[in-house]
Amino acid sequence: MNNDKEQAMARKGRHIGIVIAVTMLLWLAMTLFIGPALELPGRYALLFDFAALAGFIYAGVNIFQLWRMRQDSQR
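Residues numbered from 1 in each chain as written. Predicted model: local features only at pLDDT ≥ 70, side-chain atom pairs only at ≥ 80, totals over all residues. Heavy atoms only, no water.

Participant: Outline the overall build of the protein, supporting the account with residue identities and numerical values.
Facilitator: Each helix and strand in the protein was counted, giving 2 helices and 0 strands. A globule of 75 residues ought to have a C-alpha radius of gyration of about 11 Å, yet the protein, at 17 Å, is considerably larger. Based on the C-alpha atoms only, the size of the protein along its principal axes is roughly 55 × 15 × 10 Å. Within the span of the protein, comprising 75 residues, buried residues form 17% of the whole. Within the protein, counting contacts between residues at least 6 apart in sequence, those at least 24 apart form 75% of the total. On the protein, roughly 5,700 Å² of surface is accessible, and the fraction owed to carbon and sulfur atoms is 67%. Averaging the positions of the 8 positive and the 5 negative side-chain charges in the protein gives two centres separated by 8 Å. (Helix = DSSP H or I, 4+ residues; strand = E, 2+ residues; numbered from the N terminus. Rg over C-alpha atoms; globule rule 2.2 N^0.38 Å. Buried < 20%, exposed > 50% of the residue type's maximum accessible area, 1.4 Å probe, protein only. Contact = heavy atoms within 4.5 Å. Areas by Shrake-Rupley, 256 points an atom, 1.4 Å probe, with all protein chains shown as cover. Lys, Arg positive; Asp, Glu negative; His and termini not counted. Charge placed at Lys NZ, Arg CZ, Asp CG, Glu CD.)

Participant: Explain helix α2 (residues 43-73) to me, and be specific about the residues and the numbers.
Facilitator: Given 3.6 residues to a turn, an α-helix orients residues that are three or four positions apart in the same direction. With 31 residues, α2 ought to run about 45 Å at 1.5 Å a step, and its terminal C-alpha atoms sit 46 Å apart, in line with that. Turning to α2, its buried residues are Phe48, Ala52, Gly55, Ala59, Asn62, Leu66 and Ser73. Considering only its buried residues, α2 is in contact with α1 (3-37). (Expected span 1.5 Å × (residues − 1).)

Participant: Could you give me a rundown of a nonpolar patch on the surface, with the residues and numbers involved?
Facilitator: A cluster of nonpolar side chains, Ile20, Met24, Leu28, Leu32, Phe33, Ile34, Leu38, Leu40, Tyr44, Leu47, Phe56 and Ile63, forms an exposed patch at the surface whose accessible area comes to about 1,000 Å². Per element, the largest residue contribution to the nonpolar patch is 6 residues, and it comes from α1. Counting through the fold element by element, Met24 comes out in helix α1. (Patch = residues over 30% accessible without salt bridge, like charges linked within 9 Å, V, L, I, M, F, W, Y side chains within 5 Å. Salt bridge = Lys/Arg side-chain N within 4 Å of Asp/Glu carboxyl O.)

And the structure:
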């Protein structure tokens, strides 16, 4: 495996980690602190949940792509 592919996989792995961490932090902040502080109705909590779910699905798709990249590089 050449160095460019290794760097691309490492970059994608870091990207996935950042997406998961930021999604979790924003979701917790919005549902536990910011939403209640602004006295938002409960339906906004569901909106925040769906936004977090979209972020986690995006990360899951990228994890699958990273797994495929690693499988292809081992052949």
